[in-house]
Amino acid sequence: MAGVSILPAEVLLSKRVQEMVLNGEEPPAPYICRDDEATEEDFSPVSPIPVIDLSLLSEKNDELEKLKSALSSWGCFQAINHGISSSFLNKIRQVTREFFEQPMEEKKKIAKTVVDFEGYGADPVPEEGQSLDWSDRLFLDVYPEDLRKFKFWPENPKPFRNVLEEYTEKIKKVTELTSKAMARSLNLEENCFLNQFGERGPLQARFNYYSLCQRPDRVLGLKPHADGSGYTIIYQDELGLQVLKDDKWLTVPNLSQALLVLMGDQMEIMTNGIFKSPVHRVLSNAEKDRISVAVFYTPEGGREIGPEDGLVSEEKPQIFKKVKGYADIHFEYYQRGMRALHIAQV
Ligand SMILES: O=C(O)CCC(=O)C(=O)O
Ligand SMILES: [Fe+2]
(Lines give C-alpha, C1' and ligand atoms only; values in the text may rest on other atoms or scores of the structure.)
(Ligands and ions follow the chains in the order given, each with its own letter.)
Protein backbone atom coordinates (compact mmCIF):
# COMPACT_ATOMS: atom_id res chain seq x y z
CA MET A 1 0.00 0.00 0.00
CA ALA A 2 1.36 3.41 -0.94
CA GLY A 3 2.26 5.86 1.78
CA VAL A 4 1.80 3.60 4.79
CA SER A 5 1.82 5.86 7.83
CA ILE A 6 4.06 5.12 10.74
CA LEU A 7 2.75 8.05 12.74
CA PRO A 8 1.37 7.04 16.12
CA ALA A 9 -2.29 7.71 16.88
CA GLU A 10 -1.37 10.53 19.31
CA VAL A 11 0.23 12.47 16.48
CA LEU A 12 -2.57 11.79 14.05
CA LEU A 13 -5.24 12.73 16.54
CA SER A 14 -3.64 16.09 17.13
CA LYS A 15 -4.34 16.83 13.48
CA ARG A 16 -7.88 17.36 12.24
CA VAL A 17 -9.39 15.08 9.59
CA GLN A 18 -10.76 18.21 7.96
CA GLU A 19 -7.17 19.47 7.58
CA MET A 20 -6.06 16.26 5.92
CA VAL A 21 -8.96 16.47 3.49
CA LEU A 22 -8.19 20.10 2.66
CA ASN A 23 -4.57 19.10 2.02
CA GLY A 24 -5.72 16.30 -0.26
CA GLU A 25 -4.18 13.61 1.96
CA GLU A 26 -5.34 9.99 1.79
CA PRO A 27 -6.40 8.39 5.08
CA PRO A 28 -3.24 7.25 6.93
CA ALA A 29 -3.05 3.60 8.00
CA PRO A 30 -4.50 3.97 11.53
CA TYR A 31 -7.79 5.14 9.97
CA ILE A 32 -8.08 2.14 7.69
CA CYS A 33 -10.52 -0.26 9.26
CA ARG A 34 -12.35 -1.87 6.39
CA ASP A 35 -11.27 -4.12 3.61
CA ASP A 36 -14.57 -5.87 3.28
CA GLU A 37 -16.57 -5.60 0.14
CA ALA A 38 -19.52 -4.14 1.88
CA THR A 39 -19.94 -1.09 -0.29
CA GLU A 40 -23.05 -2.41 -2.02
CA GLU A 41 -24.70 -3.09 1.27
CA ASP A 42 -23.51 0.33 2.47
CA PHE A 43 -25.74 2.09 0.04
CA SER A 44 -28.70 -0.13 0.67
CA PRO A 45 -32.03 1.67 0.84
CA VAL A 46 -32.94 3.34 4.08
CA SER A 47 -34.66 1.11 6.61
CA PRO A 48 -38.08 1.19 8.21
CA ILE A 49 -37.05 2.48 11.63
CA PRO A 50 -40.31 3.15 13.46
CA VAL A 51 -41.54 6.75 13.46
CA ILE A 52 -43.20 7.78 16.73
CA ASP A 53 -45.33 10.88 17.19
CA LEU A 54 -44.29 12.20 20.62
CA SER A 55 -47.37 14.43 20.83
CA LEU A 56 -49.56 11.29 20.97
CA LEU A 57 -47.76 9.66 23.89
CA SER A 58 -49.43 11.47 26.77
CA GLU A 59 -52.46 9.20 26.62
CA LYS A 60 -52.57 5.43 26.76
CA ASN A 61 -52.93 4.50 23.12
CA ASP A 62 -51.46 2.59 20.19
CA GLU A 63 -48.53 4.99 19.95
CA LEU A 64 -47.30 3.82 23.39
CA GLU A 65 -47.49 0.22 22.23
CA LYS A 66 -45.56 1.20 19.09
CA LEU A 67 -42.93 2.88 21.24
CA LYS A 68 -42.44 -0.23 23.36
CA SER A 69 -42.23 -2.44 20.32
CA ALA A 70 -39.72 -0.12 18.59
CA LEU A 71 -37.43 -0.04 21.60
CA SER A 72 -37.67 -3.79 22.21
CA SER A 73 -36.76 -4.67 18.64
CA TRP A 74 -34.77 -1.78 17.15
CA GLY A 75 -33.63 0.03 20.28
CA CYS A 76 -34.35 3.32 18.55
CA PHE A 77 -37.06 5.32 16.84
CA GLN A 78 -37.47 8.46 14.80
CA ALA A 79 -39.29 11.02 16.94
CA ILE A 80 -41.61 13.52 15.24
CA ASN A 81 -43.75 16.24 16.82
CA HIS A 82 -41.15 16.43 19.57
CA GLY A 83 -41.75 20.13 20.22
CA ILE A 84 -38.67 21.46 18.38
CA SER A 85 -39.65 23.29 15.22
CA SER A 86 -37.96 22.60 11.88
CA SER A 87 -36.82 26.20 11.80
CA PHE A 88 -35.03 25.71 15.11
CA LEU A 89 -33.47 22.44 13.93
CA ASN A 90 -32.26 24.40 10.94
CA LYS A 91 -30.58 26.87 13.27
CA ILE A 92 -28.75 24.09 15.08
CA ARG A 93 -27.68 22.72 11.71
CA GLN A 94 -26.53 26.13 10.56
CA VAL A 95 -24.45 27.03 13.61
CA THR A 96 -22.88 23.57 13.58
CA ARG A 97 -21.97 23.80 9.89
CA GLU A 98 -20.73 27.37 10.32
CA PHE A 99 -18.57 26.34 13.26
CA PHE A 100 -16.82 23.59 11.29
CA GLU A 101 -16.48 25.76 8.17
CA GLN A 102 -14.36 28.33 10.03
CA PRO A 103 -10.59 28.51 9.54
CA MET A 104 -8.59 26.11 11.67
CA GLU A 105 -7.11 28.94 13.83
CA GLU A 106 -10.60 29.92 14.96
CA LYS A 107 -11.60 26.36 15.88
CA LYS A 108 -8.29 25.68 17.59
CA LYS A 109 -9.06 28.41 20.12
CA ILE A 110 -11.18 25.80 21.86
CA ALA A 111 -9.03 22.79 21.00
CA LYS A 112 -8.86 19.90 23.42
CA THR A 113 -5.79 17.75 23.96
CA VAL A 114 -5.83 14.09 23.02
CA VAL A 115 -6.58 13.12 26.63
CA ASP A 116 -9.48 15.51 27.25
CA PHE A 117 -13.13 15.04 26.51
CA GLU A 118 -14.39 18.57 26.23
CA GLY A 119 -13.52 20.92 23.40
CA TYR A 120 -12.77 20.64 19.69
CA GLY A 121 -10.76 17.74 18.31
CA ALA A 122 -10.89 13.97 18.17
CA ASP A 123 -11.83 11.42 20.83
CA PRO A 124 -9.09 10.50 23.33
CA VAL A 125 -6.46 8.12 21.92
CA PRO A 126 -7.82 4.58 21.87
CA GLU A 127 -5.89 1.47 22.80
CA GLU A 128 -3.22 0.42 20.36
CA GLY A 129 -4.57 -1.43 17.36
CA GLN A 130 -7.97 0.31 17.41
CA SER A 131 -8.75 2.26 14.28
CA LEU A 132 -9.40 6.00 14.25
CA ASP A 133 -12.60 7.70 13.12
CA TRP A 134 -12.74 9.79 9.96
CA SER A 135 -14.43 12.73 11.70
CA ASP A 136 -13.87 15.76 13.93
CA ARG A 137 -15.87 16.72 17.00
CA LEU A 138 -16.81 19.39 19.42
CA PHE A 139 -17.85 17.93 22.76
CA LEU A 140 -19.54 20.07 25.44
CA ASP A 141 -21.20 19.44 28.78
CA VAL A 142 -24.48 21.35 28.53
CA TYR A 143 -26.53 20.36 31.59
CA PRO A 144 -26.59 20.95 34.54
CA GLU A 145 -25.79 24.57 33.78
CA ASP A 146 -23.27 24.98 36.60
CA LEU A 147 -21.08 22.32 34.93
CA ARG A 148 -20.74 24.24 31.65
CA LYS A 149 -17.15 25.14 30.85
CA PHE A 150 -17.55 28.19 28.68
CA LYS A 151 -13.87 28.27 27.80
CA PHE A 152 -14.68 25.42 25.40
CA TRP A 153 -17.80 27.04 23.92
CA PRO A 154 -17.15 28.66 20.54
CA GLU A 155 -17.35 32.43 20.37
CA ASN A 156 -18.03 32.13 16.67
CA PRO A 157 -20.34 31.86 14.90
CA LYS A 158 -21.92 34.46 17.17
CA PRO A 159 -25.33 32.80 17.61
CA PHE A 160 -23.75 29.44 18.58
CA ARG A 161 -23.95 29.91 22.31
CA ASN A 162 -27.56 31.09 22.48
CA VAL A 163 -28.71 28.46 20.04
CA LEU A 164 -27.03 25.73 22.09
CA GLU A 165 -28.52 27.03 25.33
CA GLU A 166 -31.96 27.01 23.76
CA TYR A 167 -31.41 23.58 22.20
CA THR A 168 -30.41 22.21 25.61
CA GLU A 169 -33.64 23.47 27.18
CA LYS A 170 -35.70 21.96 24.39
CA ILE A 171 -33.88 18.63 24.47
CA LYS A 172 -34.30 18.51 28.25
CA LYS A 173 -38.07 18.71 27.70
CA VAL A 174 -37.87 15.95 25.11
CA THR A 175 -36.04 13.73 27.64
CA GLU A 176 -38.73 14.37 30.25
CA LEU A 177 -41.51 13.48 27.86
CA THR A 178 -39.69 10.46 26.44
CA SER A 179 -38.61 9.09 29.83
CA LYS A 180 -42.18 9.27 31.13
CA ALA A 181 -43.65 7.71 27.99
CA MET A 182 -41.11 4.86 28.06
CA ALA A 183 -42.08 4.14 31.68
CA ARG A 184 -45.79 4.16 30.90
CA SER A 185 -45.29 1.92 27.86
CA LEU A 186 -43.94 -0.69 30.31
CA ASN A 187 -46.78 -0.12 32.83
CA LEU A 188 -44.40 1.49 35.30
CA GLU A 189 -44.85 4.63 37.37
CA GLU A 190 -44.12 7.44 34.92
CA ASN A 191 -41.30 9.07 36.91
CA CYS A 192 -39.34 5.90 37.57
CA PHE A 193 -36.66 6.42 34.91
CA LEU A 194 -36.41 10.15 35.62
CA ASN A 195 -35.78 9.24 39.27
CA GLN A 196 -33.00 6.87 38.26
CA PHE A 197 -31.37 9.55 36.07
CA GLY A 198 -31.63 12.05 38.94
CA GLU A 199 -32.43 15.76 38.72
CA ARG A 200 -28.88 16.50 37.65
CA GLY A 201 -28.70 13.69 35.10
CA PRO A 202 -26.18 15.22 32.67
CA LEU A 203 -26.71 16.16 29.04
CA GLN A 204 -23.60 16.25 26.87
CA ALA A 205 -23.60 17.49 23.30
CA ARG A 206 -21.30 16.06 20.67
CA PHE A 207 -21.18 17.98 17.40
CA ASN A 208 -19.78 15.64 14.75
CA TYR A 209 -18.33 16.72 11.43
CA TYR A 210 -17.85 13.97 8.86
CA SER A 211 -15.55 15.24 6.12
CA LEU A 212 -15.72 13.89 2.60
CA CYS A 213 -13.51 10.90 2.04
CA GLN A 214 -12.18 9.64 -1.26
CA ARG A 215 -11.91 6.13 0.21
CA PRO A 216 -15.25 5.57 1.94
CA ASP A 217 -14.75 1.85 1.41
CA ARG A 218 -11.72 1.82 3.72
CA VAL A 219 -12.63 4.11 6.65
CA LEU A 220 -15.59 4.80 8.91
CA GLY A 221 -16.85 8.16 10.17
CA LEU A 222 -17.47 6.50 13.50
CA LYS A 223 -16.63 2.92 14.41
CA PRO A 224 -19.30 0.43 15.53
CA HIS A 225 -20.29 0.96 19.15
CA ALA A 226 -23.23 1.09 21.52
CA ASP A 227 -23.70 4.19 23.65
CA GLY A 228 -22.89 4.19 27.37
CA SER A 229 -25.58 6.78 28.02
CA GLY A 230 -29.07 6.24 29.29
CA TYR A 231 -30.16 7.23 25.83
CA THR A 232 -29.05 9.55 23.05
CA ILE A 233 -30.95 12.02 20.88
CA ILE A 234 -29.44 12.57 17.44
CA TYR A 235 -30.01 15.22 14.83
CA GLN A 236 -28.43 14.46 11.42
CA ASP A 237 -28.44 16.46 8.20
CA GLU A 238 -27.35 13.74 5.76
CA LEU A 239 -27.50 9.95 5.57
CA GLY A 240 -24.66 7.98 7.11
CA LEU A 241 -25.79 6.56 10.45
CA GLN A 242 -26.48 2.82 10.44
CA VAL A 243 -27.94 0.58 13.10
CA LEU A 244 -27.11 -3.12 13.38
CA LYS A 245 -30.28 -5.23 13.40
CA ASP A 246 -30.35 -9.00 12.99
CA ASP A 247 -26.70 -8.87 11.86
CA LYS A 248 -27.44 -6.36 9.09
CA TRP A 249 -26.40 -2.73 8.88
CA LEU A 250 -29.49 -0.62 8.20
CA THR A 251 -29.34 3.03 7.25
CA VAL A 252 -31.26 5.54 9.37
CA PRO A 253 -33.47 7.63 7.05
CA ASN A 254 -32.91 11.34 6.97
CA LEU A 255 -36.27 12.87 7.86
CA SER A 256 -35.76 16.59 8.10
CA GLN A 257 -38.03 17.09 11.10
CA ALA A 258 -37.15 13.96 13.03
CA LEU A 259 -34.76 13.31 15.88
CA LEU A 260 -33.43 9.79 16.35
CA VAL A 261 -33.87 8.54 19.91
CA LEU A 262 -31.43 5.71 20.49
CA MET A 263 -31.16 3.61 23.66
CA GLY A 264 -27.81 3.41 25.42
CA ASP A 265 -26.65 0.56 27.65
CA GLN A 266 -28.04 2.13 30.83
CA MET A 267 -31.64 2.01 29.55
CA GLU A 268 -31.09 -1.62 28.62
CA ILE A 269 -30.03 -2.22 32.23
CA MET A 270 -32.90 -0.20 33.75
CA THR A 271 -35.47 -2.08 31.64
CA ASN A 272 -33.94 -5.44 32.58
CA GLY A 273 -33.03 -6.06 28.95
CA ILE A 274 -36.45 -5.26 27.45
CA PHE A 275 -35.22 -2.21 25.54
CA LYS A 276 -32.14 -2.83 23.42
CA SER A 277 -29.05 -0.65 23.16
CA PRO A 278 -28.19 -1.06 19.48
CA VAL A 279 -24.74 -1.16 17.94
CA HIS A 280 -24.41 1.64 15.40
CA ARG A 281 -21.77 3.23 13.17
CA VAL A 282 -21.37 6.08 10.68
CA LEU A 283 -20.23 5.55 7.09
CA SER A 284 -17.91 7.89 5.24
CA ASN A 285 -19.06 9.49 2.04
CA ALA A 286 -17.16 10.65 -1.05
CA GLU A 287 -19.81 13.11 -2.21
CA LYS A 288 -21.48 14.74 0.77
CA ASP A 289 -20.06 15.89 4.04
CA ARG A 290 -22.33 15.47 7.05
CA ILE A 291 -22.98 16.93 10.46
CA SER A 292 -24.79 15.40 13.40
CA VAL A 293 -25.48 16.60 16.90
CA ALA A 294 -25.75 13.80 19.45
CA VAL A 295 -27.00 14.69 22.93
CA PHE A 296 -26.23 12.01 25.52
CA TYR A 297 -28.58 11.78 28.48
CA THR A 298 -26.93 9.86 31.29
CA PRO A 299 -27.83 9.05 34.90
CA GLU A 300 -25.91 11.08 37.51
CA GLY A 301 -22.47 9.50 37.92
CA GLY A 302 -22.67 8.92 41.66
CA ARG A 303 -25.98 7.07 41.45
CA GLU A 304 -26.61 3.39 41.43
CA ILE A 305 -28.96 2.37 38.62
CA GLY A 306 -30.56 -0.99 38.02
CA PRO A 307 -33.55 -2.87 36.65
CA GLU A 308 -36.92 -1.45 37.69
CA ASP A 309 -38.59 -3.72 40.28
CA GLY A 310 -41.75 -3.87 38.18
CA LEU A 311 -39.81 -5.55 35.39
CA VAL A 312 -38.47 -8.39 37.50
CA SER A 313 -40.56 -11.42 38.45
CA GLU A 314 -40.33 -15.19 38.59
CA GLU A 315 -41.10 -15.38 34.90
CA LYS A 316 -38.73 -12.53 34.10
CA PRO A 317 -35.66 -13.02 36.29
CA GLN A 318 -33.30 -10.16 36.87
CA ILE A 319 -30.63 -10.25 34.16
CA PHE A 320 -28.73 -7.10 35.21
CA LYS A 321 -27.45 -6.07 38.60
CA LYS A 322 -27.23 -2.57 40.04
CA VAL A 323 -24.27 -0.58 38.77
CA LYS A 324 -22.62 2.75 39.55
CA GLY A 325 -20.40 4.85 37.27
CA TYR A 326 -21.30 2.72 34.26
CA ALA A 327 -20.44 5.47 31.74
CA ASP A 328 -16.77 5.41 32.82
CA ILE A 329 -16.54 1.63 32.63
CA HIS A 330 -18.21 1.75 29.22
CA PHE A 331 -15.60 4.19 27.99
CA GLU A 332 -12.69 2.00 29.09
CA TYR A 333 -14.12 -0.88 27.07
CA TYR A 334 -14.97 1.40 24.14
CA GLN A 335 -11.33 2.40 23.91
CA ARG A 336 -10.49 -1.28 23.51
CA GLY A 337 -13.15 -1.72 20.84
CA MET A 338 -15.39 -3.73 23.16
CA ARG A 339 -18.86 -3.53 24.68
CA ALA A 340 -19.19 -3.25 28.45
CA LEU A 341 -22.73 -4.45 29.05
CA HIS A 342 -21.62 -7.89 30.27
CA ILE A 343 -20.11 -6.33 33.40
CA ALA A 344 -23.66 -5.49 34.52
CA GLN A 345 -24.99 -8.98 33.92
CA VAL A 346 -26.12 -11.02 36.93
O1 LIG B 1 -23.28 10.90 13.84
C2 LIG B 1 -24.21 10.19 14.18
O3 LIG B 1 -25.27 10.13 13.55
C4 LIG B 1 -24.12 9.29 15.38
C5 LIG B 1 -23.18 9.76 16.43
C6 LIG B 1 -22.99 8.75 17.52
O7 LIG B 1 -23.36 7.61 17.42
C8 LIG B 1 -22.30 9.16 18.74
O9 LIG B 1 -21.80 10.31 18.79
O10 LIG B 1 -22.23 8.32 19.68
FE1 LIG C 1 -23.30 6.55 19.34
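Remember, predicted model here, so these are calculated numbers, not experimental data.

Criteria and thresholds
Residues numbered from 1 in each chain as written. Chains lettered and ligands numbered in written order. Predicted model: local features only at pLDDT ≥ 70, side-chain atom pairs only at ≥ 80, totals over all residues. Heavy atoms only, no water. Helix = DSSP H or I, 4+ residues; strand = E, 2+ residues; numbered from the N terminus. Rg over C-alpha atoms; globule rule 2.2 N^0.38 Å. Buried < 20%, exposed > 50% of the residue type's maximum accessible area, 1.4 Å probe, protein only. Contact = heavy atoms within 4.5 Å. Areas by Shrake-Rupley, 256 points an atom, 1.4 Å probe, with all protein chains shown as cover. Lys, Arg positive; Asp, Glu negative; His and termini not counted. Charge placed at Lys NZ, Arg CZ, Asp CG, Glu CD. Near = heavy atom within 4 Å. Polar contact = N/O pair within 3.5 Å; in protein donor to acceptor, adjacent residues only side chain to side chain. 1 Å grid on protein atoms, 1.4 Å probe; cavity = no way out; pocket = protein on both sides within 12 Å on 5 of 7 lines; lining within 4 Å. Sits in = over half its atoms within 2 Å of the grid points. Core = buried A, V, L, I, M, F, W, Y, C linked by side-chain atoms within 4.5 Å. Pairing = 2+ DSSP bridges. Axes fitted to C-alpha atoms, helices over the stretch in contact; angles between N-to-C directions. Donors = N, O, S within 2.8 Å, 3.2 Å for Na, K, Ca; no water. Points joined across faces, edges and corners; volume = space filled by probe spheres on them. Salt bridge = Lys/Arg side-chain N within 4 Å of Asp/Glu carboxyl O. Expected span 1.5 Å × (residues − 1). UniProt positions renumbered as here; feature names shortened; annotations may be inferred.

Peer 1: How would you sum up the overall build of the protein? Please name residues and give values.
Peer 2: Helix and strand counts for the protein stand at 10 helices and 14 strands. Relative to the compact-globule value of 20 Å for 346 residues, the protein shows a C-alpha radius of gyration of 20 Å, a close match. Once the C-alpha set of the protein is aligned to its principal axes, its extents read approximately 60 × 40 × 40 Å. When burial is assessed residue by residue, the protein has 55% of its 346 residues classed as buried. The long-range fraction of contacts in the protein, counting pairs at least 24 apart against all pairs at least 6 apart in sequence, stands at 76%. Surface accessibility of the protein: about 15,800 Å² in total, with carbon and sulfur atoms responsible for 50%. In the protein, 42 positive and 55 negative side-chain charges are present, and the distance between their average locations comes to 2 Å.

Peer 1: Can you lay out the site of ligand 1 for me, pointing to particular residues and giving the numbers?
Peer 2: For ligand 1, the set of nearby residues contains 14 residues, the closest of which are R206, Y210, H280, R290 and S292. A distance of 3.1 Å separates an oxygen atom of ligand 1 from a polar side-chain atom of R206. Between ligand 1 and D227 there is a distance of 3.4 Å, counted from an oxygen atom to a side-chain nitrogen or oxygen. For ligand 1, whose free accessible area comes to 300 Å², the fraction covered by protein is 99%. Placement of ligand 1 is best described as lying within the largest cavity. For the shell around ligand 1, the elements supplying multiple residues, two or more each, are strand 5 (203–210), strand 6 (220–225), strand 11 (280–283) and strand 12 (290–297). Looking at the shell around ligand 1, the element that brings in the most residues is strand 12, giving four residues.

Peer 1: Quick rundown of the nonpolar core? Include the residues and the values.
Peer 2: By size, the foremost hydrophobic cluster in this structure holds 67 residues, and its most contacted members are Y167 and F193. When residues in this core are grouped by element, the largest group, nine residues, is from helix 7 (residues 160–185).

Peer 1: Any details on the sheet that holds strand 9 (residues 248–251)? Residues and values, ideally.
Peer 2: Strands sit in the order 6-11-8-9 across an open sheet of four strands; the sheet is antiparallel. Edge positions in the sheet fall to strand 6 and strand 9, since each has one partner strand and no second. Neighbouring strand axes in the sheet, compared pairwise and without regard to direction, differ in orientation by 30 degrees on average. Note: strand 8 (residues 241–245) against strand 11, three bridges, orientation antiparallel.

Peer 1: Tell me about the coordination of the iron ion (ligand 2), and name the residues and values.
Peer 2: With distances of 2.1 to 2.2 Å, the protein atoms coordinating the iron ion (ligand 2) are H225 (NE2), D227 (OD) and H280 (NE2). For H280, a relative accessible area of 3% translates into the label buried.

Peer 1: How would you summarise empty space enclosed by the protein if you had to cite specific residues and measurements?
Peer 2: Counted under the stated rule, the structure contains four cavities of 30 Å³ or more. Its boundaries defined by the atoms lining it, the largest cavity holds a volume of some 110 Å³. The wall of the largest cavity is formed by 15 residues, among which N208, L222, I234, H280 and A294 lie closest to the centre. Of all the elements in the fold, those that place two or more residues in the lining of the largest cavity are strand 5, strand 6, strand 7 (231–236), strand 11 and strand 12. For the lining of the largest cavity, the leading source of residues is strand 12, giving four residues.

Peer 1: Account for the pairing of strand 12, with residues named and values stated.
Peer 2: On any regular strand, side chains alternate: one points to one face of the sheet, the next to the other face. Most of strand 12 is tucked away, with eight of its eight residues classed as buried. Side chains of strand 12 alternate between two faces, with R290, S292, A294 and F296 and I291, V293, V295 and Y297 buried alike. Here strand 5 runs beside strand 12; their pairing, made up of eight bridges, is antiparallel. Bridge pairing in strand 12 places Y210 opposite R290. Sheet topology places strand 7 next to strand 12; six bridges connect them, and they run antiparallel. Opposite I233, over in strand 12, you have V295 as the bridge partner.

Peer 1: Can you break down the pattern of salt bridges residue by residue, with the values?
Peer 2: Under the defined criterion, the tally for this structure stands at 25 salt bridges. Note that R206 and D123 form a salt bridge whose closest N and O atoms lie 3.4 Å from each other. Remark: D123 occurs in the loop between strand 3 (119–121) and strand 4 (136–143) and R206 occurs in strand 5; sequence separation between them is 83 residues. Overall, D123 belongs to the buried group, its relative accessible area being 15%. Here R215 and D217 are joined by a salt bridge, their closest N and O atoms 2.9 Å apart. A relative accessible area of 29% means that R215 is categorised as partly exposed. Residues participating in the shared-partner salt-bridge network are D123, D133, R137, R206 and K223.

Peer 1: Now, about helix 7: what can you tell me, with residues and values included?
Peer 2: With 26 residues, helix 7 extends 36 Å from end C-alpha to end C-alpha; this agrees with the ideal 38 Å at 1.5 Å per step. Where helix 7 terminates, the next one or two residues include N187, which has phi positive at roughly 60 degrees.

Peer 1: Now, about the pairing of strand 8: what can you tell me, with residues and values included?
Peer 2: For strand 8, a buried count of four out of five residues is recorded, marking the element as mostly surrounded by other parts of the structure. Bridging between strand 8 and strand 9 involves four bridges; their strand directions are antiparallel. Bridge pairing links Q242 to T251 in strand 9. In textbook terms, the turn of a hairpin is the stretch between consecutive antiparallel strands, and for strand 8 and strand 9 this stretch comprises two residues, one of which, D246, has a positive phi near 50 degrees.

Peer 1: Can you tell me about the UniProt feature "domain: Fe2OG dioxygenase" (unreviewed entry) in the protein, naming the residues and giving the values?
Peer 2: UniProt's entry tags residues 201–299 with the feature "domain: Fe2OG dioxygenase" (unreviewed entry), counted in the numbering of this structure. Between the end C-alpha atoms of residues 201–299 the distance is 5 Å, and the span holds 6% helix and 46% strand.

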